[in-house]
Amino acid sequence: MKFYSKSITIVFKYSKKEATFVLLTTLLLGAIMPIQTILLKNIIDLGMSYKFTMRFALALVLYVFVFLVMLLQNYIQDTSKMLLQKKLSENFEFDILKHINSLEYWCFEDPKTHDVINRFSSPASIVADTFYSVVGLPKQLISLFGMAILFYNASPSFLLLVAVLFCVSLFFNLIEIKKIRNIQLVQSAAERKTNYIANLFTDRIVAKETRFFDLKGHLLRLFRTNTLEMLHERNIVRRKGFIGGVLSQIFNVGLTIFGVIMLLALGTKSKVTVSEVISLSTTLPALGLMASFNLPNIIVSIKQKKYVWEDYDLLMDLPKKTEGRSDVIPHKLVIKFNGVRFSSPGTDKEILKGVSFSIASGESVAIVGENGCGKSTIIKLMLGLYPNYTGGIYVGETSVNELSDSVRKNLFSALFQDSKIYQLSIKDNIFFSDKKIENNVAFNELVHNNDLLSFVDEFPESYDTKIGELYSNGINLSGGQLQRLALARVIMSSSKFVILDEPTASMDPKAESELYEKLFPLFKDRSIIIVSHRLATAKMADRILVIKNGIIAESGSHEELMKNNSYYYDMFTAQSAWYKKRGRKNDEE
């Protein structure tokens, strides 16, 4: 099987010493049981003949040593597995995370991707378990082969008993594992949903909302319903598997009793010695357990790991974003869309239907339109997040798909409505590097010339203050403070094009306008691209692109579009009337 070689290759690539130790100790442990049986037979033979010689003492010492090794084998295996898994966690999991980070952006918009990642969520453990199953098979075969030789010398009939016991147990196990895999595939989405609901109970915002809404009871009911449905389906399979396991062990007990009777009968006929009867009878239960449980379980475990490695293949086969080859910043800093058409990945729904426009260096442009018209899609295409489109998207004369990641980062910085603030220090959330803010001229200018980050002065540790519940002294920022911090991140970048995609949606219109009035001077000599559903903000831009039904319906300054008395005029007047009405209502209250 291919995944055999994959697991072995990965283990020896990332943890060669630990893997070698595991392999050698596992194979040596496989020979323990036959050796112990032979030593016991020799001790009994020498004892019955009263030959307490050096050979007897040596056999006794070796037997005690082997017995101790058998007692410690679980500890030896657990320790070696822990060392192996630790090494894999340090390196292999790191590479898996790098691979996930290199996937095309649209993969994360597909629930199937999240299902695959969720099923392969513990890479180090999966690889270590697979490797142990793979090396455990020869271990069991060594033990079984050694014991088979000893029992064959007593009577070939024992081999037939062992083979029957093994086949019966394997049959029941294979049926169960196939059903378990089917449930895993069917329940992937349900399990993800249940985990999401469970995580909500530790979310600070949810904890606040449950105090005022009947959310707690509703979430608990959802969690209970989902969990019970999953457990019910799993219990049906496990119940059938339990019945099969019980039948196998009953069969095992019966054959063990029958085997002991056979040995006693052979002993009375002098076909085997007393020492053979005692030593083989002692190990007969272990042989039965090996044939009915250990060996079938390892084979089933290997088959089960095969399904997990199918998820690994699915994960590794997901499309990776192609690194552009151009490491040179285009001389002409103009963004051009030429007849761009785009459909959502995996669908035939066309979102953009031949969009063409350009944005010159230093120009401010607002992109407006109704929800779902394609505003954010244009931004994602501009940033190279969606590589599959028709038409052309260029910076200067270079296609955005040809730009290297380093060039793209120098050209673009973006702030989205759902921009993430990380549980790091305030400084790290702004710079994502080891830059010293004390001597950063641009940062000092940002702090002293406006009050964007004035709230930081309230914290004793200033910009070294940690955010979030991960830290004992961590603080929680308000929604407005989080947005200001995200804005500072964009301002401090040196990108040529600044993209603001609804970043201040939670602010009231007046506060938003005041903030943009302060921000625009900070972006001097840089192009600003604003996506907003608030047209009062769009007024500040040099030019406005109005998107409707996947095309650019209008383009021009606010004054020009208002004179057109068309779609933009209707949107602006309707929105202005609504804000005025709400303002009068607030004044009356």
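Residues numbered from 1 in each chain as written. Predicted model: local features only at pLDDT ≥ 70, side-chain atom pairs only at ≥ 80, totals over all residues. Heavy atoms only, no water.

Once that is clear, we can look at the sheet that holds strand E2 (residues 350–359). Pairing between sheet strands relies on hydrogen bonds along the backbone, with the strands arranged either parallel or antiparallel. Overall, antiparallel pairing links the four strands, which are arranged E2-E1-E4-E5 in an open sheet. Pairing within the sheet leaves two strands with one partner each, and these edge strands are E2 and strand E5 (398–399). Bridging between strand E4 (residues 390–395) and E5 involves two bridges; their strand directions are antiparallel. Note on E5: the bridge partner recorded for Tyr394 is Ser399. Its contacts with the sheet put helix H11 (residues 375–382) on strand E1 (335–343), E2 and E4, and the angle it makes with E2 is roughly 65°. (Pairing = 2+ DSSP bridges. Helix = DSSP H or I, 4+ residues; strand = E, 2+ residues; numbered from the N terminus. Contact = heavy atoms within 4.5 Å. Axes fitted to C-alpha atoms, helices over the stretch in contact; angles between N-to-C directions.)

The mixed open sheet is built from six strands, whose spatial order is E6-E7-E8-E3-E9-E10. With one partner strand each, in any of the chains shown, strand E6 (412–416) and strand E10 (551–556) form the two edges of the open sheet. When the angles between neighbouring strand axes are averaged without regard to direction, this sheet yields 15°. Of the strand pairs in this sheet, strand E3 (residues 364–369) and strand E9 (residues 543–548) are connected by five bridges, and their pairing is parallel. When the bridges of E9 are listed, Gly369 appears paired with Ile547.

Glancing now at the packing of helix H3 (residues 32–48) against helix H6 (residues 123–154). Angle between the axes and distance between the axes are the two parameters that describe a pair of packed helices. Here H3 crosses H6 at 30°, and the two axes come no closer than 7 Å. As far as their axial angle goes, H6 and H3 are roughly parallel. Residue-level inspection shows Met33, Pro34, Thr37 and Ile38 of H3 in contact with H6, the latter providing Ile142, Ser143, Gly146, Met147 and Leu150. Of the residues that constitute the contact of H3 with H6, the class distribution is six nonpolar, three polar and no charged. (Parallel < 35°, antiparallel > 145°, perpendicular 65-115°, else oblique. Nonpolar A, V, L, I, M, F, W, Y, C, P; charged D, E, K, R; others polar.)

Turning next to the pairing of E4. Bridge count for E1 against E4 is five bridges, and the pairing is antiparallel. Bridge assignment links Phe337 to a residue of E4, and that residue is Ile393.

What follows is about helix H15 (residues 479–491). Because an α-helix packs 3.6 residues into every turn, residues spaced three or four apart end up facing the same way. The end-to-end C-alpha distance of H15, which contains 13 residues, comes to 19 Å, matching closely the 18 Å that a straight helix rising 1.5 Å per residue would cover. Taken as a whole, H15 has its buried residues at Gln481, Gln483, Leu485, Ala486, Leu487, Ala488, Arg489, Val490 and Ile491. (Expected span 1.5 Å × (residues − 1). Buried < 20%, exposed > 50% of the residue type's maximum accessible area, 1.4 Å probe, protein only.)

Time to look at empty space enclosed by the protein. For the structure on display, the rule yields one cavity of 30 Å³ or more. Roughly 110 Å³ of internal volume is contained in the largest cavity. Lining of the largest cavity is provided by Phe158, Leu161, Val162, Leu165, Asn252, Leu255, Thr256, Gly259, Leu284, Leu287, Gly288 and Ala291. The class makeup of the residues in the lining of the largest cavity is eight nonpolar, four polar and no charged. (1 Å grid on protein atoms, 1.4 Å probe; cavity = no way out; pocket = protein on both sides within 12 Å on 5 of 7 lines; lining within 4 Å. Points joined across faces, edges and corners; volume = space filled by probe spheres on them.)

Looking now at the pairing of strand E7 (residues 497–501). In summary, the side chains of a regular strand alternate between the two faces of the sheet. Of all five residues that make up E7, five are buried, and the element is covered over most of its length. Neither face of E7 is exposed, since Phe497, Ile499 and Asp501 on one face and Val498 and Leu500 on the opposite face are all buried. As judged from the five bridges shared by E6 and E7, these two strands associate in the parallel manner. Residue pairing for E7: Ser413 is matched across the bridge by Val498. As paired elements, E7 and strand E8 (residues 527–531) share five bridges and run parallel to each other. Within the sheet, the bridge partner assigned to Leu500 lies in E8 and is Ile530.

Inspection of every chain in the model, using the stated rule, returns twelve aromatic pairs. Summarising the aromatic geometry, the rings of Phe337 and Phe357 are spaced 4.5 Å apart at their centres and angled 15° between planes, so their arrangement reads as stacked. Residue Phe337 is found in strand E1, and its partner Phe357 is found in strand E2; the two are separated by 20 residues along the sequence. Here the basic side chain of Lys466 rests over the ring of Tyr471, its NZ or CZ set 5.9 Å away from the ring centre. (Phe/Tyr/Trp six-rings, centres within 6.5 Å; stacked < 30°, edge-to-face > 60°. Lys NZ or Arg CZ within 6 Å of the ring centre and 35° of its normal.)

To continue, consider the nonpolar core. Core analysis: the biggest nonpolar cluster contains 41 residues, and Ile430, Leu453, Leu500 and Tyr568 have the highest contact counts within it. Counting residues in each nonpolar core, the second largest holds 33 residues, with Val365, Tyr386, Val395 and Leu545 among its members. (Core = buried A, V, L, I, M, F, W, Y, C linked by side-chain atoms within 4.5 Å.)

Further remarks concern the pattern of salt bridges. Evaluation of the coordinates by the stated rule reveals ten salt bridges. Where Asp313 meets Lys6, a salt bridge forms, and the shortest distance between an N and an O atom there is 2.2 Å. Here Lys6 lies in helix H1 (residues 2–14) and Asp313 lies in helix H10 (residues 274–317), a separation of 307 residues in the sequence. According to the relative accessible area criterion, Lys6 is partly exposed, its value standing at 26%. Linking Glu397 and Lys336 is a salt bridge whose minimum nitrogen-to-oxygen distance equals 3.3 Å. Of this pair, Glu397 sits in the loop between E4 and E5 while Lys336 sits in strand E1, placing them 61 residues apart in sequence. Relative accessible area serves as the criterion here: at 23%, Lys336 is assigned to the partly exposed category. (Salt bridge = Lys/Arg side-chain N within 4 Å of Asp/Glu carboxyl O.)

What follows covers a nonpolar patch on the surface. A cluster of nonpolar side chains, Leu60, Val64, Phe67, Leu68, Leu71, Leu72 and Tyr75, forms an exposed patch at the surface whose accessible area comes to about 700 Å². Note on placement: Leu71 falls in helix H4 (residues 54–101). For Leu71, a relative accessible area of 56% translates into the label exposed. (Patch = residues over 30% accessible without salt bridge, like charges linked within 9 Å, V, L, I, M, F, W, Y side chains within 5 Å. Areas by Shrake-Rupley, 256 points an atom, 1.4 Å probe, with all protein chains shown as cover.)

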